[in-house]
Amino acid sequence: MNIWLAFVVIQAADVLTTLIGFSMGGRELNPLIAYLLLKFGSPLVVVSILKIATIAIIFSACFFLKKDETKIVYQLNIIFIFIVIWNVGMICAWLISHH
């Protein structure tokens, strides 16, 4: 799979699992995102805009800095996979505790 396609898919999984967590009463652990959620209110809007910005910034940085994007994006994919796993774990824990 293309490294960029994987990056976008993982970002989408983070958005989806984050929004599911919010719908179950979860809270955001990232202080910046938590602040933006308080300020703007809509989790869908805030999380989506931040993910689009993340993808654009990473793509631009790799393109304009002429860095080896494969290594950078691969490492970011690993980080965000762990975030998605964390989100899924929190969703599962909530489901188990409310079953």
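Everything numeric in this text was worked out from a predicted model, so none of it was measured.

Student: Sorry, what's going on with the overall build of the protein here?
Tutor: Counting secondary structure elements, the protein contains four helices and zero strands. Element order for the protein, N to C, with α for helix and β for strand: α-α-α-α. Counting every position in the protein, which comprises 99 residues, the buried fraction comes to 29%. In the protein, 74% of the contacts between residues at least 6 apart in sequence involve partners at least 24 apart. In the structure as shown, the protein presents an accessible area of about 6,900 Å², 76% of it carried by carbon and sulfur atoms.

Student: Hey, could you run me through the packing of helix α1 (residues 3-23) against helix α4 (residues 69-97) in this one?
Tutor: Axes are the key here: two packed helices are described by the angle between their axes and the distance separating the axes. Between α1 and α4, the least distance of the axes is 9 Å, while the angle of their chain directions is 25°. As far as their axial angle goes, α4 and α1 are roughly parallel. The element α1 and its partner α4 pack so that their crossing is left-handed. In terms of residue class, the contact of α1 with α4 is built from 16 nonpolar, seven polar and two charged.

Rules used throughout
- Each chain has its residues counted from 1, following the order in which its sequence is written.
- Totals for whole chains, interfaces and linings use every residue, but because this is a predicted model, local features are given only for residues with pLDDT of at least 70 and side-chain atom pairs only at 80 or more, for both listing and counting.
- Hydrogens and water molecules were not included; the side-chain quantities draw on all heavy atoms of the structure.
- Runs of E in the DSSP output that reach at least two residues are strands. Runs of H or I that reach at least four are helices, and both are numbered from the N terminus.
- The buried label applies to any residue whose accessible area, calculated with a 1.4 Å probe on protein chains only, is under 20% of its type's maximum; exposed applies above 50%, and partly exposed to all values in between.
- By the convention used here, residues are in contact when the closest approach between their heavy atoms is within 4.5 Å.
- Note on areas: Shrake-Rupley with a 1.4 Å probe; residue coverage comes only from the protein chains shown.
- Only the stretch in contact is used when a helix axis is fitted, and all axes are lines through C-alpha atoms; the angle between N-to-C directions ranges over 0 to 180 degrees.
- Angle categories are assigned with fixed cut-offs, so that under 35 degrees is roughly parallel, over 145 is roughly antiparallel, 65 to 115 is roughly perpendicular, and the rest are oblique.
- It is the rotation of the near helix from the far one that decides the hand of a crossing: anticlockwise by less than a right angle makes it left-handed, clockwise makes it right-handed.
- All residues other than Ala, Val, Leu, Ile, Met, Phe, Trp, Tyr, Cys, Pro, Asp, Glu, Lys and Arg, Gly among them, are scored as polar; the first ten of these are nonpolar and the last four charged.

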